[in-house]
Amino acid sequence: MQFAVLMGFVLAALSPLLNRWFGERASLLLALFPALLAAWLLSQAPLVLHEGPQLLAWSWVPSLGISLSFLLDGLSLLFGLLITGIGTCVLVYAGGYLKGHQDMARFHLALVAFMASMLGLVLADGLLTLFIFWELTSITSYLLIGFNHQDIEARKSARQGLFVTVAGGLALMAGLVLLGVASGSWSLHDILRADEDLRQHALYTPMLICLLLGAFTKSAQFPFHFWLPNAMAAPTPVSAYLHSATMVKAGIYLLARLQPELGGTALWVTILSVVGATTMLTGAFLAIHHTNIKKLLAYSTVMALGTLTMLLGIGSEYAMTAFVTFLLAHSLYKGALFMVAGILDHETGTKDVTAMGGLRSVMPVTATIALIAALSLAGVPPLLGFIGKELMLEAALGAERVRSILVVFAFMAAVLTIAVASIIALRPFYGARHETPKTPHEAPLSMLIGPGLLALGSLALGLAPAMLGADALLTSAATAVAGEALPISLSLWYGVNMALIMSVVSLLLGFFLFKRWDSVRGQLARLTPVMRYGPEAGYEGLMNGIVRFSEWQTRLLQNGYMRNYILVMLVVLIALIGNSILLRHSPQLALELDVRFHEVIVVGTMAMGALFATISRSRLGAVVSVGIMGFSIALIFILFSAPDLGITQLLVETMTVILLVLVLFRLPRFSNLSTNLERIRDGSVAATMGVLMFLLIMTAWSIDQFESISTYMVENSAPLAHGRNIVNVILVDYRALDTLGEMFVLALAAIGVIAMLKLRHGETEGRTNSGEKASVKEPYDG
Amino acid sequence: MIDAIKGAMLLVGASFMLLAAVGLLRLPDLLTRMHATTKAAALGVILIMLASAMHFAEVGVVARSLAIIVFILITAPIAAHVIGRAGYFVGSRLWSGTVKDELRPNYDPLTHELKSGMETQENAKRHPRNTDPD
Amino acid sequence: MTGAIWNLLLGLAWVLLSGDFSGLNLLVGMIFGYIALLLIEPQVDGLKGYPARVPRFIGFLGFFIKELVQANLRVAFDILTPPWHMQPGVIALPLSARTEMEITLVANLISLTPGTLSLDVSDDRKVLYIHAMFLDDEEELRRNLKEMEHRALELFR
Amino acid sequence: MVKSGTIILNTAARFLMPLQLMFSVFLLLRGHDEPGGGFIAGLVAAGAFTLYLFAFGVSATKEVLRMVDPRDLIGAGLFFGMISVVPAWFMGQPFLTAQWWTIPVIDFKASTPLIFDIGVYLAVLGSVMGMVMALMEVDKDEP
Amino acid sequence: MEPLMALVIGLLYATAIFMMLRRSIVKLVIGLLLLSNAANLLIFTTAGMTRGAPPLIPEGMMQPLGGVADPLPQAVVLTAIVIAFGVLAFAVVLIRRAYEIVKADDLDKMKDTDT
Amino acid sequence: METVILISQVIMGLALVLTFVRVVRGPSLPDRVVALELFSTTVVGLVGVYAIQSGVSSFLDAAIVIALMGFLAAIGFARFLERGGPRDD
Amino acid sequence: MRPEVALPVLLPLLSGAISLMFWRSRPMQRFIAVAGNVALFVVSLWLFVAVLEDGYITIQMGSWPAPFGITLVADMLSAVMILLTGIIGLAMGIYSLATTGRGHEKFGYYPLMHLLLAGVAGAFLTGDIFNLYVWFEVMLVASFALLTLGGERAQMEGAIKYVTLNLLASVIFLSAVGLLYGTVGTLNMADIALRMDEAEHSGMVEVLAVMFMVAFGIKAAAFPLFFWLPASYHTPPVAVSALFAGLLTKVGVYSLFRVFTLIFDQTMGYLQDIMLWGAVLTMVTGVLGAAAQYEFRRILSFHIVSQIGYMILGLALYTPLAIAGGVFAIMHNIIVKTNLFLISGITHRLQGTYQLKKMGGLYRERPWLAVAFFISAFSLAGIPPLSGFFAKFVLVRAGFEAEAYVATGIALAVGLMTLYSMVKIWNEVFWKALPEENQVPETPTPTGDDGRLLKPSLWMMYLPVVVLAMMSLLIGVFAEPIMLVMNQIGDQLMTPSGYIEAVLGASASAEAALLDPLEIQAERVDDRLEETP
Ligand code: NA
Ligand code: NA
């Protein structure tokens, strides 16, 4: 299995080659991959259904607890089948939809990689493997959403989707690591079987919040839902895939996966129910704003995702059953409807439903498919969607917390959904013909197979769930979600109950709404100014705010004034040293003074030289003082037993003065550029540093705890190193490596100097890479 | 005896150095200051080095002391010449008590030509310049 | 030059032979060497003039030291006593020296003598410009300088 | 601007440079026992050439150096330095272990530290010379 | 001696830093020069200073006669001096070139690469 | 002897101070350079005395180097002036 | 005699010297450049394998026993860093052949590159604190020269800041070494570690620790000491930028790791928090700095700062796992950041600019370049399964285990901001169509720094880019063996007695074991790690 998933990535990488070799047939060829996987998963189904979860262990990074193990149980089987099954349909469909597109290979690459990632996500047993695949879906979906990358909207949408999901991903990572740390295991299988109750753990709340943030962003829950409709910038096959069975369901999958271990607490139930219900209503409400068929569908997806979350929050037996059923039903009809939307777009050249009409005559097959799928969406018997909706309403009615809200929201959502379903299924195909940018024809077969199969699935499973094994599959999935066996069976008829009544009423109201849709839209248009302040505006504001803040911060810190840089560094140093030597500890001073007159003089000229160099208004006067200081230092070295040092200092000082003189020739005189206030500030920093250095030197000198290693050097210089000048022996023998480095330093400096002086622009013509200034400063918009 | 000579040489030598310093400080213009520094200091070093040669009385040390004397005798006048010349040509102010300047009229500051001045003896009288300090 | 080298070699040979490696012994060896060279001078062409140059050199050294000390004292006196007695000025001294080596030697000697400082040589090398501290008796100064130049040039000619 | 170098300085430089160079070699060779060594010697030698540069200018100094560019000196110096590292390896000792050989006829003690010091000498000489010459060269080129 | 040296080295650090905080590039380089001298003296001083006993062994002997000054800081300082020389030479030429290009002895006119 | 040495050191110390005063007072670059030159010569003297005082002749090596190389800085300054550098007073 | 410890330093020194000797011959220099870098790569591999076998390898240079001579030490950390140096050196060597102009070659580009590598290698291997200073200077001066090579205005302006601020750091370093010697009388780091533990004046120990922290902090470009980096790294020729970006700041980070695990471990109680928040602020300010930029290399430069924060975070958390994570971050960043700079060079070659606004269309035109960038950029942002993810994950895990929730949380958020910048580049340079006003000729005439036609050499630019991108990917795929190495580094660094024993011999380490309070802590953490399978 792992091999198969990894093969998916290899296949993705090979897709450019396949496209080159097989041209347009590559789509079909690649579709074999999910098809075979689906077949394999089906073959595994009996095993899972009868013998329980299967763990396929594979190690990867054991020292970090990262394994590539896969866990096959009802839930992952259900998701796996959806991913592969719908994936097959989408690939076939895409072959027709994008026929002749120049970027077909890239599309295949991203789509197959996405498919493999998604499959890895739902099959992963390791917490981190799950996360890795999770992030891979974000990245690959980024590529898919931005497929029309030359269009700025596509780029923006792709980026938005990426940021929202990756931001959530980071929270998820934090949550998963906390989960791993708290449970002591990185394997879902182990965690789910462990006796320990994580709900009591101290880290439960932060962990849960992190995990929920991850799930909610991915699954477009309110208030993170805005990225999903924008992701409609992707080509339709992608939308069909991402929104029906995959991407957005990843968060739902995660919640379902964790429900047995983390669910059921007050926190869980409240958050999931409220967020789910809100999302559901928001999605449904926003859907009817739009005339763009893809947006309509996208918001209805948001609604469905909210519903699923709400069901997980409710957590009852009904809710679990409803969850798996609704999940399956939604995947099937939403996949089909998106593909229909794609066909319409493809054939008519517009996505606006109000611009279409009466297409049933020219594209009857599409119309039929659309009708079946929309009926499922609307929850009309005998379709699977009906069962899902019944169970959903039932679950809402049985909720333990915030029941009234849930019921009201669910009912309203149902009404709106029916309106949406009607709009999609009826508006383009019935009524009068409209002129469209392209003359519509029935779609080619390759584009009809996918939606057709899915619509058929909706119908068949609705009619006979048990017969097709869906019953068993869903039971098994629900069991995995609930964490305990749920002996339920699906049926079209549960008797006349509250749910059925609500269903019927909603059907009527929904159809009524559909009839009045155009005027309702007009009314809603008045809300537009208010709608501007939604979460999306918050996201945009946040991003712009970050950019503005960072520009401000960069101007503040990286301001180009070097003295500020130096000042900051010194203040840090002073603060740290001062804190250590004055506040936390105290300096050690031994003020015994043993000096000779001429020594004081020499030290004095040295000090005066330095001082005069700073205050001199003549730069050459400063250079001469520096020279005096250097000679004084040389003399100090000599007076204190370092002849080699004295000579070197003297020679170096002479050469330095010569270099300074040669260079100063080209430079202007000193000028006073700073204000007195600046001078006082700099002076105090400098003085503080000076005092600290004084204290440190005194302390280090006073400490007399250890014998120096140089005793050995003195003793062995003549006998072992055959040299009587111990300093020279150190330089060329004991510590020759230092000297080796040192001569290279000098050589490097010389090379640098020679190059700097002699290599001029004339000799490096044609290179402009660094000459540019950052003149472009407009805010970034891509 | 030898100690006395050494001591005297040291003291005199050191004193000449001080003299040079005093002269450097007191004398009124660059060129007169250079008179003080070059010779007095050289003499001071010579005396001190002779003392050290006597003190150590070894070939190596004597040779080194003599080397120092020779080097000082070579380098001091060259340095003096170079600085004095540069200082003069870039217009160091001469002391107001300066009585004569036979160079100035023979020097062309544009071409840097320096004539021998054999033919212009009569111009040798120094023309006071308004840049000179009082 | 050959003579000086020979003299040094003979001195060193003396030191080696006598086995006393002190400075004083080297001096002794040099003196004996000089006497030896004095004796064989007529036979060896390369030695022509060397023995005669030595006393001249010693004489010059004495002259120079005398000048040095004398003039130094005069400068010292003027520095240490407040009113200035000096009458500084720049004079042109016609040169007898011709080669670069000679000019340099003369100029440096003049620079080393207190009270005089060589400023520059004219482009035609005929005149040395000298800054002098005491121009109260210019003729005397010129005479002294010429004598020094003469004595110095003698050493090389 | 006054023309650079006078007869006096030129003659003195011509005379002093060999003296200083000789002295630098002296400092180099005895550095292991008395004050001196590669750095000091190299700096003295560089000083000698600097004096010559000041007196005669860059092109004349280049003539004195014949085909030798300061960069050659740097390269040679560094190479010498690296050469002295290696002999120990052939003796199975860690790098930089000093090897001593007595050259029989003149009883001269050659050693890797000496080679190393010579490398230092050349590198220092070449580096300082390179810098000073480059500075003077561009000064000459520019108005 | 060391306390006096410590005091003066403190002063050296202070002057160096003051110079480095100026806007003039020439002052900056002089500041760097002072700073490296201060550090060298620091090493020399902290290890302790000894009069008249250079770490030299008289000819023909295997050990120095009496105690000698610590040679290790001397070697270290020597290395540091030469390194500082190289670095400063580079810095000096750098400011020359910078001035040549920017035509101002003012660091405030050299902030294009930051902003 | 020790006293003599101390006295000479004091004298030369004073000389250093006076020399430094000239560096500060200037007024022009050549004046300062002359002072620098005198400073280095005085250092040679001090080192010579110090060699006698400590009895370590090796210090004379330092004096040799100063005597031979100390004037280079002055030459450098002179070149600076000759090439038209400002006298800075 | 273990030559492999010294050869990574000596070989580039030698090739640098030889290259200088042949400064007149361009072909010779190019040959030596590649040969030398191949040799360096081979010995770095040799050293790595040897350290894998033996744990620690030392060589006492000049046969002088430690602590009297200079010891070169390779532990796992050093070996990994050296291996990376070898890899990056080779990549740069090849890349430079295609990008270096005649003028640059004539004036010492290749010797400078060799010697820079030598300085880096020396810093990684030396066991002596002053010798470390020397190698820092070798590296620094080489970088000065490389930074200014070409002499353009931006280079000079950037270099003034780079030079000054780095010299300030050097002087702080040197002063600290001086005070250190005055305090403990030794320079050998293992010996210092022993003596520091006995030092009676703990105030001085702490002062030394903060001085080293600031000095290395400046070199590493940590907050608020990083100013020199964004001011200069985008100015030199791109190969130089890449080399700097990959290796230079990491030497500062390496030194922090080395010094604070070996010598100043007893001060960590006090300094840990300072370091932790320094690391966090480094990450945040760096990543925000990048968000404000619209020039390819400036974005990358600010990101270096940000990434340094991650590495220091590993040190500040101060557990074996955190150290492992920090080193993982170093390794990952060296490869990825170098590669991003190299890619910026190719894009510049293709479109003649570094301004994002003026670029575009490369996704379609240069798909392989796009793939390489995509991998590197998303690796930098910590997207799995690339190298950056593992670095981030280990740090996050270590952070949570050390209960540093806020800092770890911020580290995660910074990852998102990194993604922001990388996506910005991706969208602008690769996805966006090339702006009309900046249409380059149909077949761009690729030019080197000297303006000559260099079309055939484009593969030399692609080769290292592709290899490095592959490495980022492979590090992710083969994370386990790498993690084993990183864990070994974590263990080695947190038990300094091993290092001390390797340098000074077993008797010294017995002493050290008694004095190692942190060993106990390390064991505690180990136990906790073992509990989790
Ligand atoms: Na001490
Ligand atoms: Na320790």
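Remember, it's a predicted structure, so these values are computed and weren't measured experimentally.

(A) Expanded view of the UniProt feature "domain: NADH:quinone oxidoreductase/Mrp antiporter transmembrane" (unreviewed entry) in chain A. Using the residue numbers shown here, the UniProt feature "domain: NADH:quinone oxidoreductase/Mrp antiporter transmembrane" (unreviewed entry) corresponds to residues 124-416 of chain A. For residues 124-416 of chain A, helix accounts for 75% and strand for 0%, while the C-alpha atoms at its two ends are 36 Å apart.

(B) Molecular detail of the environment of Asp114 of chain E. With respect to the helices and strands, Asp114 of chain E occurs in the segment after helix H3 (71-102). Exposure remark for Asp114 of chain E: the relative accessible area of 4% places this residue in the buried category. Ignoring any residue separated from it by four or fewer positions in sequence, one finds Asp114 of chain E in contact with Gln558, Gly560 and Tyr565 of chain A together with Lys161, Phe227, Ala231 and Arg298 of chain G.

(C) Fine view of the interface of chain F and chain E. Listed per partner, the contact involves five residues of chain F and four residues of chain E. Buried area between chain F and chain E, summed over both chains or domains, comes out near 280 Å², and the portion from carbon and sulfur atoms is 72%. Here chain F is connected to chain E by zero salt bridges. For the interface between chain F and chain E, the tally reads one residue pair in polar contact (both at pLDDT 80 or more).

(D) Representation of the coordination of the sodium ion (ligand 1) within the structure. Only Ala700 of chain A (O), Trp701 of chain A (O), Ile703 of chain A (O) and Gly182 of chain G (O) from the protein reach the sodium ion (ligand 1) as donors, at distances of 2.4 to 3.1 Å. Of this pair, Trp701 of chain A sits in helix H28 (residues 676-702) while Gly182 of chain G sits in helix H7 (residues 153-184), on two different chains. Considered together, Trp701 of chain A and Gly182 of chain G belong to a single accessibility category, that of buried residues.

(E) Seen up close, the environment of Gly604 of chain A. Tracing the sequence through the fold places Gly604 of chain A in helix H25 (residues 597-615). Put simply, Gly604 of chain A and Lys294 of chain A are 310 residues apart on the chain and 86 Å apart in space, counted from C-alpha to C-alpha.

(F) Local environment of the coordination of the sodium ion (ligand 2). All names here are of chain G. Distances from the sodium ion (ligand 2) to its protein donors, Asp197 (OD), Asp197 (OD), Asp265 (OD) and Asp265 (OD), fall at 2.6 to 3.0 Å. Placement of the pair is Asp197 in helix H8 (residues 189-198) and Asp265 in the loop between helix H11 (238-262) and helix H12 (268-291), with a sequence separation of 68 residues. Accessibility expressed as a relative area gives 5% for Asp265, which makes it buried.

(G) Molecular detail of the confidence of the model for chain E. Residue and element names in this part refer to chain E. Per-residue confidence for chain E gives a mean pLDDT of 91; residues scoring 70 or more make up 99%. Within chain E, no element has a lower average pLDDT than H3, which sits at 93, and none a higher one than helix H1 (residues 2-20), at 95. Both scores are given for the predicted complex: the pTM is 0.92, the ipTM 0.92.

(H) The arrangement of the chains, seen in detail. Take the 13 pairs of chains in contact: the one carrying the most contacts is chains A and G. One finds no contact between chain B and chain G; the C-alpha atoms of the two approach each other to within 33 Å at their closest.

Definitions and limits used
- All residue numbers refer to position in the chain's written sequence, counted from 1.
- Think of it this way: whatever chain is written first is A, whatever ligand is written first is 1, and the rest follow in order.
- In keeping with the model being predicted, local features are shown solely for residues with a pLDDT of at least 70 and side-chain atom pairs are shown and tallied solely at 80 or more, while totals for entire chains, interfaces and linings include all residues.
- Excluded from the side-chain calculations are hydrogens and water; all other atoms, namely the structure's heavy atoms, are used.
- UniProt positions are given in the numbering used here, feature names are shortened, and annotations may be inferred rather than shown by experiment.
- In this text, helices come from DSSP runs of H or I with a minimum length of four residues, and strands from runs of E with a minimum of two, each type numbered from the N-terminal end.
- Each residue is assigned to one of three classes by its accessible area relative to the maximum for its type, calculated with a 1.4 Å probe on protein chains only: buried under 20%, partly exposed between the two thresholds, exposed over 50%.
- Whether two residues are in contact is decided by their heavy atoms, any of which lying within 4.5 Å being enough.
- In this description, buried area is defined as the sum, over both parts, of the accessible area (probe of 1.4 Å) that is lost when the two are combined.
- Salt bridges are counted wherever a side-chain nitrogen of Lys or Arg sits within 4 Å of a carboxyl oxygen of Asp or Glu.
- As used in this structure description, the phrase polar contact means that two N or O atoms lie within 3.5 Å; if the pair is within protein, one of them must be able to donate a hydrogen and the other to accept it, and residues adjacent in sequence are counted only when both atoms belong to side chains.
- Think of the donor list as every N, O and S atom within 2.8 Å of the metal, or within 3.2 Å for Na, K and Ca; water never makes the list, so a site can look incomplete.
- pLDDT expresses how confident the predictor is about each individual residue, on a scale running from 0 to 100.

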